[in-house]
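# Reading the structure
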Amino acid sequence: MRAGIIGVTGYGGMELFRLLSAHTEITEVLLYSSSRAGKELSEEIQHLSHVQDQELRSMKELPSDGLDIVFSSAPSGISTEILPSLVDENLKIIDLAGDYRIKDADTYRAWYKKEPPPQTLVNDAVYGLTEWKREEVQNGKLIANPGCFPTAALIGILPLLKEKVIHPASLVIDAKSGISGAGATPGKGTHFTQANDSLSIYKIHQHQHTPEIEQTIQTCTGSETKITFHTHLVPMTRGIMTTMYAELTDSVTSESIKEIFDSYYDSEYFVRVHREKANLFTKQVYGSNFCDVTFAVDERTNRITVVSCIDNLLKGAAGQAVQNMNVMFGMEETKGLEASPMFP
Ligand SMILES: NC(=O)C1=CN([C@@H]2O[C@H](COP(=O)(O)OP(=O)(O)OC[C@H]3O[C@@H](n4cnc5c(N)ncnc54)[C@H](OP(=O)(O)O)[C@@H]3O)[C@@H](O)[C@H]2O)C=CC1
Ligand SMILES: CC(=O)N[C@@H](CCC(=O)OP(=O)(O)O)C(=O)O
């Protein structure tokens with residue numbers, strides 16, 4: 001099988017290349033770069049220079065390259081411009097950006113401050129939260145790979161919303177991310193001198209992943225709700241932790257909550273539900289496609305805390321994209337994603 005990667009010099013693109021070059025069903029990976037076409041891979045991506053040296057290609061070559069699948073790991077807004085011309089019966093597409101995730105055009109405009117892609121393509125795009133959308137992914141041609149924060153938050157909270165043990169409107173999601181979540185180009189807030197030794201909150205009440213989480217809660221559980229969602233930048237390279245708070249609809253036991261989680265995730269290889277009040281840390285998923293979850297029932301306040309963590313570049317981006325490719329092509333879902341987390 002032949003795969004292509006758009007935006008390979010970015011963090012998501014590099015991780016895709018690392019994973020795909022070790023995937024036993026992929027015979028060739030072609031790399032496309034908008035800024036460095038014609039340059040040697042070994043010069044541009046030195047940590048993967050041993051893999052298979054090749055020239056980075058111009059995107060103009062892509063339509064005639066005979067690919068089976070292309071991953072687009074370009075910034076939001078760019079895939080609106082470049083993907084419509086690639087849509088073709090024989091090419092499957094997985095987009096890591098936000099452009100095709102939001103079904104309602106005005107909602108997309110309001111949160112992304114950009115014009116959305118053609119509505120027919122958005123309608124056809126499948127939201128690739130694999131554990132919750134597997135059947136749709138199987139038949140998908142264009143996958144809108146989920147955002148990193150929504151992946152962590154939704155995997156943790158959807159079982160409880162679906163089983164109606166929490167009040168949706170009471171949900172507060174407090175999320176923290178490592179700096180690679182902001183991509184490879186340093187910005188004001190991600191400059192070492194400002195991010196190191198400091199904790200910051202950003203995009204208060206304005207984060208573009210808010211409507212994505214609300215939309216998926218609606219499609220997966222039927223609840224139409226507005227959530228409170230905050231993001232923080234933590235001075236670490238990778239990792240996302242979401243700490244979520246909600247009011248219980250009834251008094252429940254810890255055992256019954258664990259049973260709910262187990263009923264959804266016992267057969268899901270990439271979701272590991274730990275015992276109640278386990279002390280999760282992002283390093284326990286570092287470099288892997290796992291999403292780890294724990295919870296704590298607070299009988300005193302009748303609230304529950306749910307915690308989840310992922311590696312933003314793996315389960316939050318390239319890892320879940322490869323998982324979706326495996327599902328689309330009927331391959332073993334764990335193929336190419338077998339690596340255990342790196343620790344410490
Ligand atoms: N970082 C993360 O944790 C996550 C990122 N995402 C999403 O994945 C995508 C990639 O993220 P990330 O790798 O972090 O971002 P980066 O900024 O690290 O990389 C993006 C890459 O896109 C390419 N690019 C830039 N402009 C254009 C253009 N005009 N046309 C085509 N390609 C372009 C560039 O590669 P080149 O110059 O080689 O073309 C660039 O290196 C983004 O949409 C991001 O929102 C989603 C989940 C998590
Ligand atoms: C730390 C950090 O800055 N993270 C980014 C994640 C961006 C992302 O994943 O963008 P999509 O909208 O394409 O999903 C953010 O919070 O905006």
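The rules we used
- Residues numbered from 1 in each chain as written.
- Chains lettered and ligands numbered in written order.
- Predicted model: local features only at pLDDT ≥ 70, side-chain atom pairs only at ≥ 80, totals over all residues.
- UniProt positions renumbered as here; feature names shortened; annotations may be inferred.
- Near = placed C-beta within 6 Å.
- Nonpolar A, V, L, I, M, F, W, Y, C, P; charged D, E, K, R; others polar.
- Domains from an automatic or database assignment.
- Axes fitted to C-alpha atoms, helices over the stretch in contact; angles between N-to-C directions.
- Helix = DSSP H or I, 4+ residues; strand = E, 2+ residues; numbered from the N terminus.
- Left-handed = near helix turned anticlockwise from the far one by under 90°.
- Contact = placed C-beta atoms within 7 Å.
- Pairing = 2+ DSSP bridges.
- Parallel < 35°, antiparallel > 145°, perpendicular 65-115°, else oblique.
- Buried ≥ 20, exposed ≤ 12 C-beta atoms within 10 Å, placed from the backbone.

- The name that an unreviewed UniProt entry assigns to the protein is N-acetyl-gamma-glutamyl-phosphate reductase, with the source organism given as Fictibacillus phosphorivorans.
- Recorded in UniProt for the protein, the comment headed Catalytic activity (unreviewed entry) runs: "N-acetyl-L-glutamate 5-semialdehyde + phosphate + NADP(+) = N-acetyl-L-glutamyl 5-phosphate + NADPH + H(+)".
- Its UniProt record, at the heading Sequence similarities (unreviewed entry), says of the protein: "Belongs to the NAGSA dehydrogenase family. Type 1 subfamily."

## Points about the site of ligand 2
- In the vicinity of ligand 2, the contacting residues are Ser76, Ala97, Gly98, Gly147, Cys148, Ser177, Gly181, Ala182, Gln208, Thr231 and Leu233.
- The residue makeup of the shell around ligand 2, split by class, is four nonpolar, seven polar and no charged.
- Here the shell around ligand 2 spans two domains, since at least three of its residues come from each of domain 1 (2-146 + 315-328) and domain 2 (149-312).

## Structural notes on the packing of helix α7 (residues 148-162) against helix α9 (residues 209-221)
- Running from N to C, α7 and α9 cross one another at 35°; their axes reach a closest spacing of 10 Å. Note that α7 runs across α9; the crossing there is right-handed. Residues Phe149, Pro150, Ala153, Leu154, Leu158, Leu161 and Lys162 of α7 form the contact with α9, whose own contacting residues are His209, Glu212, Ile213, Thr216, Ile217, Cys220 and Thr221.
- Considering only residue class, the contact of α7 with α9 consists of nine nonpolar, three polar and two charged.

## Thoughts on the sheet that holds strand β4 (residues 92-95)
- Reading across from one edge, β2-β1-β3-β4-β6-β5 is the order of the six strands in this open sheet, with parallel pairing throughout. The open sheet terminates on both sides in strands that have one partner only, identified here as β2 (28-32) and β5 (126-127).
- Pairing of strand β1 (residues 2-6) with β2 involves five bridges; the strand directions are parallel. Along β2, the bridge assignment pairs Ile5 with Leu31.
- Helix α1 (residues 11-20) rests against β1, β2 and β3 (69-72) of the sheet, and its axis sits at about 165° to β1.

## What to know about the UniProt feature "domain: Semialdehyde dehydrogenase NAD-binding" (unreviewed entry) in the protein
- Within this numbering scheme, the UniProt entry marks residues 2-140 as carrying the feature "domain: Semialdehyde dehydrogenase NAD-binding" (unreviewed entry).
- Taken end to end, residues 2-140 comprises 30% helix and 14% strand; its first and last C-alpha atoms sit 18 Å apart.

## Re the domain arrangement of the protein
- Domain annotation of the protein identifies domain 1 (2-146 + 315-328) and domain 2 (149-312).
- On a C-alpha basis, the centroid separation for the pair domain 1 and domain 2 is 25 Å.
- Residue-level contacts link 20 residues of domain 1 with 26 residues of domain 2.
- Mapped onto the side of domain 1 that touches domain 2, the elements with two or more residues apiece are α4 (105-112), α6 (130-138) and α11 (314-328).
- Looking at the side of domain 1 that touches domain 2 element by element, the count peaks at six residues for α11.
- In the side of domain 1 that touches domain 2, the residues fall into nine nonpolar, seven polar and four charged.

## Some details on the packing of α7 against α11
- It is at 8 Å that the axes of α7 and α11 come closest, and there the two elements cross at 95°. Classified by the interaxial angle, the pair formed by α7 and α11 is roughly perpendicular. Contacts from Cys148, Thr151 and Ala152 of α7 reach α11 at Lys315, Gly316, Ala317 and Gln320.
- Along the lines of polarity and charge, the residues of the contact of α7 with α11 split into three nonpolar, three polar and one charged.

## Describing the UniProt feature "active site" (unreviewed entry) in the protein
- Mapped onto this structure's residue numbering, the UniProt feature "active site" (unreviewed entry) falls at Cys148.
- By secondary structure assignment, the location of Cys148 is in helix α7.
- Note on Cys148: 28 C-beta atoms within 10 Å, which makes it buried.
- Among all residues touching Cys148, those that are not within four sequence positions of it are Ser177, Gly181, Ile240, Asn312, Gly316 and Ala317.

## Notes on the environment of Phe290
- Tracing the chain through its elements places Phe290 in the loop between β11 (271-273) and β12 (291-298).
- Put simply, Phe290 and Met14 are 276 residues apart on the chain and 19 Å apart in space, counted from C-alpha to C-alpha.

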